[in-house]
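# Secondary and tertiary structure notes
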Amino acid sequence: MLKQMLVLFSVVFFAINSYAQTVSETKEHKIHMMHQTSDVAATDMHEMFRFSPEYLKIEVGDSVSFNGSTGQHTVTSVPGMLPEGAEKIEIHSIPSKQIAFQTPGIYGVKCRVHNRYGMVALIVVGEGGENLTAAKKFRLTRFGKKKMQQLLVQAEKDLKNR
């Protein structure tokens, strides 16, 4: 009986120790928030419609919770600003949606309606440089184009400093 208890204790101890080691080696992924805001008190049209934050650096496997895609607001991938193999982003008519980013690279997103006022954002996943050259060839108009160019300059600086 004592021998059986010793064997059982050894098995349980080994199982608990293995589980604890596995849990400690598992990388925790973060959930980042990105809000769509409409500031009717803004005196500058560029600040009235925006994502907050407009620039986000995350690790592969992290998620972004996009909040505020109601009314006319959308979160839509900018053509040409998506890493190869990544799924397009298309969110509309829901208050919140969480997306996990499994493919490293540069992701440009826009509001379909308000991007012309500068409602765009850039998400850099992992090292992010995989599609930087292709991402620079994006097509947006007016203030969306200007804002996205500024965000890409910021991404390029960050990538050089890594």
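The structure presented is a predicted model; accordingly, all values stated were derived computationally and were not measured.

This next bit is on the side chain of N131. If you trace the backbone, N131 turns up in the loop between strand 7 (120-125) and helix 3 (132-135). On the basis of relative accessible area, N131 is assigned to the buried category, the value being 7%. Beyond its immediate chain neighbours, meaning those up to four positions away, N131 contacts M81, L82, P83, G105 and I106.

M34, F66, I89, F101, Y107 and I123 are the most contacted members of the largest nonpolar core, which has 24 residues in total. At the level of elements, strand 2 (49-52), strand 3 (55-58), strand 4 (63-77), strand 5 (90-100), strand 6 (105-110) and strand 7 are the ones that each hand at least two residues to this core. What F101 contacts, discounting residues up to four positions off in sequence, is I58, E59, V60, G61, D62, V64, F66, I89, Y107, I123 and V125. One finds M81, I106, V120 and L140 within the second-largest nonpolar core, a separate group that totals 16 residues.

With that settled, consider the pairing of strand 6. The buried count for strand 6 comes to 6 of 6 residues, which makes it a mostly enclosed element. Strand direction decides the pairing type here: strand 4 and strand 6, joined by 2 bridges, are antiparallel. Residue pairing in the sheet places S77 in a bridge with V109 of strand 6.

So, on to the pattern of salt bridges. Inspection of every chain in the model, using the stated rule, returns 4 salt bridges. Taking the shortest distance from any N to any O, the salt bridge between D158 and K57 comes out at 3.8 Å. You can see D158 sitting in helix 4 (residues 142-160) and its partner K57 sitting in strand 3, a full 101 residues away along the chain. With a relative accessible area of 40%, K57 lands in the partly exposed category. A salt bridge links K136 to E156; the nearest nitrogen and oxygen atoms lie 2.8 Å apart. With K136 in the loop between helix 3 and helix 4 and E156 in helix 4, this residue pair connects regions lying 20 residues apart in the sequence.

Another aspect to go through is unusual backbone geometry. For the bond from S52 to P53, the omega torsion is 0°, close enough to zero to count as cis. Residue S93 is not a glycine yet carries a positive backbone phi of 60°. Considering the arrangement of structural elements, one finds S93 in strand 5. Taking the relative accessible area as the measure of exposure, S93 reaches 55% and is therefore exposed. Notably, R142 is not glycine yet its phi reads approximately 50°, a positive angle.

Tallying each qualifying case throughout the model produces 2 aromatic pairs. Seen in terms of ring centroids, F49 and Y117 are 5.6 Å apart; in terms of plane orientation they differ by 35°. Their pairing is tilted. Placement of F49 in strand 2 and of Y117 in the loop between strand 6 and strand 7 is noted, with a sequence separation of 68 residues between them. We classify F49 as buried; its relative accessible area is 14%.

Mapped onto the elements, P104 comes out in the loop between strand 5 and strand 6. For the pair P104 and V60, spaced 44 residues apart in sequence, the C-alpha to C-alpha distance is 6.0 Å. Look past the residues within four positions of P104 in its chain and what remains in contact with it is V60, P83, V125 and E130.

Rules and cut-offs
Residues numbered from 1 in each chain as written. Predicted model: local features only at pLDDT ≥ 70, side-chain atom pairs only at ≥ 80, totals over all residues. Heavy atoms only, no water. Helix = DSSP H or I, 4+ residues; strand = E, 2+ residues; numbered from the N terminus. Buried < 20%, exposed > 50% of the residue type's maximum accessible area, 1.4 Å probe, protein only. Contact = heavy atoms within 4.5 Å. Core = buried A, V, L, I, M, F, W, Y, C linked by side-chain atoms within 4.5 Å. Pairing = 2+ DSSP bridges. Salt bridge = Lys/Arg side-chain N within 4 Å of Asp/Glu carboxyl O. Phe/Tyr/Trp six-rings, centres within 6.5 Å; stacked < 30°, edge-to-face > 60°.

Remember that the coordinates give geometry; whether it matters functionally is a separate question.
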